[in-house]
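Reading the structure
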Amino acid sequence: MTTDIQTIQDQAVAGISAATDQRSLEEARVAFLGKKGTLAAAAAGMKDIANEDKPAFGAALNKARAAITTALESKTLELQNLADQKSIAGIDLTLPARQLPAGGLHPLTIVKDRAIQILRRMGFALADGPEIETEYHCFDALNTPDDHPARNEKDTFYFDGGKLLRTHTSSVQIRTMENTTPPVRIIAPGSAYRRDDVDATHLPVFNQLEGLYVDQDVKLGDLKGTLEYFLQAMFGDNTEVRFRPHFFPFTEPSFEIDVKLHVQGQEPKWIEVAGCGMVDPAVFKSISKQRGDESFAPAKVTGYAFGMGIDRLAMIQYGIKDIRALIENDTRFLSQFA
Ligand code: PHE
C-alpha cells in the first residue's frame, strides 16, 4: 500500500513539473490533491488496512501531500517568474521614466494664499459668509439706499425669492458684527458677482478679499498704513500705491486704491485694486439696532474696511493684462505659474 502512495507522489510531482501554464497546473492540483483526486482515493483505503500498518500508511499519505504541495508551490513561483519576464520582454528597464506633468496651484490661489498669509501675520483672522445673500446683508445693513445703482437688476443677479448673489464680500462685515463684539479684525476672501460685461478687466464672477477692523480709536492713518504695508509686502517695497477719494455708502471718507501695473513692453498704468474707507457711523447704528445692544455704538467704536480684488492683485503680481486669462483654463498660460 505505501508503495502505491509513493507511486502517486512520484506521478504527481512529475505531472506538476510538466505543467506549462497556470491552467494545467491547476488541473494537476485538482487531479492529485482535489477532493476526488488520487491521493484522496488512496486515503480512502485506510479503512482496509490492518491496524498495525495504519501509522505507516498515514505517515506515507502525509509525506505525499507535503511533497505534492511543495511541488505545486515551486511550480507556481516558476510560472509567475516566467510570466513576469514575458511581460517585460523587449522593454529597456534602464530607460529614464517619462516625465508626468505635475499639477500646480492656480495663480489666483497663489496670490490669495499669500495675501491671507500677510494679513494673518498682521493680526487679521479669517471669516466668511454665504455667496447667496439677503438684500439686508448685502445692501441695507451697509447703508445702501433702495435707489442705489448697485441694487439695480441690471447690475445684480437676483433670485426669484428676493435673495441675490452677493455683489461684494462686504456682507461678511455685517455677518461678523452680528456675531462678535469689538475688537474685530477680520478678513474674508471669497467670490462676488456682478452683471458686468466681460472685458480685459471685468468678469461677472470675481474674487474679493474683505477686511474689517473695529476698535476704539481706529483712525484713517491706520487704514492707510495697513494697506500700504500690505501692498508693499505683496508686490515689493518699491510698489507705487495711490489713494483716490471715492464714495461708498458704507464708508466715510472713502477711497479707491490704485497700484502701478507694469506689463513688459507696455507703458506702466494705474490699476484699481481696492475700495476702502472708515466705517460709516450709519452702519454701526444699524448693527446696534439689529443686535439690540451698544457693543458697536458709534460713540464707542470706529473702524475701517477694505475690499480688494484678488484677480486684480494677481494681474499686478504677474503682469497679466487680460483678466480673462485667469478663467480660460489654458494650461499653456497656467503652467507658467506652477
Ligand atoms: N465693497 C466695495 C466694492 O466691492 C469695496 C469696499 C469694501 C469699499 C470695504 C469700502 C470698504 O467695491
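Notes on the structure follow. A quick note: this is a predicted structure, and the numbers were derived from the prediction, not measured.

Following the sequence through the fold, Arg 312 ends up in helix H10 (residues 310-318). Although Arg 312 is buried, it forms no salt bridge, and the closest oppositely charged side chain is Glu 272 at an N-O distance of 4.4 Å. If we skip the residues at most four places from it in the chain, Arg 312 touches Thr 201, His 202, Ile 271, Glu 272 and Val 273.

As a further point, take the site of the ligand. Around the ligand, the surrounding shell holds 14 residues, and the nearest of these are His 168, Ser 170, Arg 194, Gln 208 and Gly 307. For the ligand, a nitrogen atom lies 2.9 Å from a polar atom in the side chain of Ser 170. Within the side chain of Gln 208, one N or O atom sits 2.9 Å away from an oxygen atom of the ligand. Relative to its unbound accessible area of 330 Å², the ligand is 91% covered by the protein chains. Those elements that place two or more of their residues in the shell around the ligand are strand E5 (205-215), strand E8 (269-279) and strand E9 (302-309). Ranked by residue count, the leading element in the shell around the ligand is E9, at 3 residues.

Along E5, 8 of the 11 residues are buried, which leaves the element largely enclosed by surrounding structure. Judged from the 10 bridges that link them, strand E4 (residues 184-193) and E5 form a sheet pairing that is antiparallel. Pairing of Ile 186 across the sheet is with Leu 212, part of E5. Of the strand pairs in this sheet, E5 and E9 are connected by 8 bridges, and their pairing is antiparallel. By the bridge assignment, Gly 211 is partnered in E9 with Phe 306.

The contact between helix H8 (residues 220-235) and H10 brings their axes to 10 Å, and the two run at 45°. In terms of their interaxial angle, H8 and H10 are classed as oblique. Residues Phe 230, Leu 231, Met 234 and Phe 235 of H8 lie in contact with H10, whose contacting residues are Leu 313, Ile 316 and Gln 317.

This part covers the environment of Ile 116. Tracing the sequence through the fold places Ile 116 in helix H5 (residues 107-121). Note: C-alpha distance between Ile 116 and Ala 43 (73 residues apart in sequence) is 78 Å. Not counting the four nearest positions on each side in its chain, Ile 116 is found in contact with Leu 126, Ile 187, Pro 189 and Leu 209.

Cut-offs and rules
- Residues numbered from 1 in each chain as written.
- Predicted model: local features only at pLDDT ≥ 70, side-chain atom pairs only at ≥ 80, totals over all residues.
- Heavy atoms only, no water.
- Helix = DSSP H or I, 4+ residues; strand = E, 2+ residues; numbered from the N terminus.
- Buried < 20%, exposed > 50% of the residue type's maximum accessible area, 1.4 Å probe, protein only.
- Lys, Arg positive; Asp, Glu negative; His and termini not counted.
- Salt bridge = Lys/Arg side-chain N within 4 Å of Asp/Glu carboxyl O.
- Contact = heavy atoms within 4.5 Å.
- Near = heavy atom within 4 Å.
- Polar contact = N/O pair within 3.5 Å; in protein donor to acceptor, adjacent residues only side chain to side chain.
- Areas by Shrake-Rupley, 256 points an atom, 1.4 Å probe, with all protein chains shown as cover.
- Pairing = 2+ DSSP bridges.
- Axes fitted to C-alpha atoms, helices over the stretch in contact; angles between N-to-C directions.
- Parallel < 35°, antiparallel > 145°, perpendicular 65-115°, else oblique.

Limitation: the analysis is restricted to geometry and does not speak to function.
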